[in-house]
Amino acid sequence: MAAVIVTEGQLYRDLAPDMKSRDRRLRVIAVGSGRADLLVEHDLRAPAGKKTHASITRLMSSAFELLEDRADTDPLYLALLAAMAEVHRPEAAPADYARAALHAIRGAEQ
């Protein structure tokens, strides 16, 4: 999976060796300079609701798995995804994807 931008509302699973078996899930509640404030939503060995933090670099690494992202349900994101899927083929050039995205964005603005 490509690295994503860390934004408020995302839900991550902690894949650290000591946390993986706990199925620890953390919701991003604020993003600051270099770190994100998190809320524990699920942890098999500890209470939910505890606040913690992690570096943005670490959240974007293989130490965490992104489970939910608000962008995945954004109507513009879905329109862009559909437009790019429509032009996807082995010989598609980057310009084909950019053109499809531009048409989707302009259509959404109307």
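The structure we're discussing is the one just above.
Residues numbered from 1 in each chain as written. Predicted model: local features only at pLDDT ≥ 70, side-chain atom pairs only at ≥ 80, totals over all residues. Heavy atoms only, no water.

Trainee: Mind showing me how you'd approach the packing of helix α2 (residues 75-87) against helix α3 (residues 94-109) here?
Mentor: Where α2 meets α3, the axes come as close as 8 Å, and the angle between the chain directions of the two elements is 145°. For α2 against α3, the interelement crossing comes out right-handed. Residues L76, A79, L80, A83, M84 and V87 of α2 pack against D96, Y97, A100, A101, A104, I105 and A108 of α3. Across the contact of α2 with α3, the residue classes tally to twelve nonpolar, no polar and one charged. (Axes fitted to C-alpha atoms, helices over the stretch in contact; angles between N-to-C directions. Helix = DSSP H or I, 4+ residues; strand = E, 2+ residues; numbered from the N terminus. Left-handed = near helix turned anticlockwise from the far one by under 90°. Contact = heavy atoms within 4.5 Å. Nonpolar A, V, L, I, M, F, W, Y, C, P; charged D, E, K, R; others polar.)

Trainee: Whenever I open this one, the side chain of D69 confuses me. Can you help?
Mentor: Here D69 lies in the loop between β5 (64-68) and α2. Buried D69, no salt bridge; nearest opposite-charge side chain is R70, N-O distance 7.3 Å. (Buried < 20%, exposed > 50% of the residue type's maximum accessible area, 1.4 Å probe, protein only. Lys, Arg positive; Asp, Glu negative; His and termini not counted. Salt bridge = Lys/Arg side-chain N within 4 Å of Asp/Glu carboxyl O.)

Trainee: Honestly, the side chain of R22 in this entry has me stumped. Any pointers?
Mentor: Mapped onto the elements, R22 comes out in the loop between β1 (11-14) and β2 (25-31). Sequence-distant contacts of R22, defined by excluding residues within four places in its chain, comprise H42, D43, L44, R45 and A46.

Trainee: I would appreciate a short explanation of the environment of Q110 in the present structure.
Mentor: Relative to the helices and strands, Q110 is located in the segment after α3. Sequence separation of Q110 and G34 is 76 residues, and the distance between their C-alpha atoms is 37 Å.

Trainee: Looking at this structure, I do not really get the pairing of β2. What am I missing?
Mentor: Across a regular strand the side chains alternate sides, sitting on one face of the sheet and then on the other. As paired elements, β1 and β2 share three bridges and run antiparallel to each other. The residue bridging L11 from the neighbouring strand is R27, located in β2. Across six bridges, β2 lies against strand β3 (residues 35-42) in antiparallel orientation. From the neighbouring strand, R27 faces β3, where its bridge partner is L39. Counted along the chain from β2 to the antiparallel partner β3, the turn is three residues long, and its residue G34 has a positive phi close to 90°. (Pairing = 2+ DSSP bridges.)

Trainee: In this structure, what is going on with the sheet that holds β2? I would like to understand it.
Mentor: Two modes of strand pairing occur in sheets, parallel and antiparallel, and in both the strands are linked by backbone hydrogen bonds. Read from one edge of the open sheet, five strands run β4-β3-β2-β1-β5, paired in antiparallel fashion. Because the sheet does not close on itself, it has two edges, and the strands there are β4 (51-55) and β5. With strand direction ignored, the average angle separating the axes of adjacent strands in the sheet is 40°.

Trainee: Where do I start with α2 in this structure?
Mentor: Since there are 3.6 residues in each turn of an α-helix, residues three or four apart along the chain are aligned in direction. If you check α2, its first and last C-alpha atoms are 19 Å apart, about what 13 residues at 1.5 Å a residue would give, namely 18 Å. Listed as buried for α2 are L80, A83 and V87. Down the axis of α2, the buried side of the element spans an arc of 65°, and every buried residue falls inside it. Away from its buried face by more than 90 degrees, α2 exposes P75, A85 and E86. (Expected span 1.5 Å × (residues − 1). Arc of directions from axis to C-beta.)

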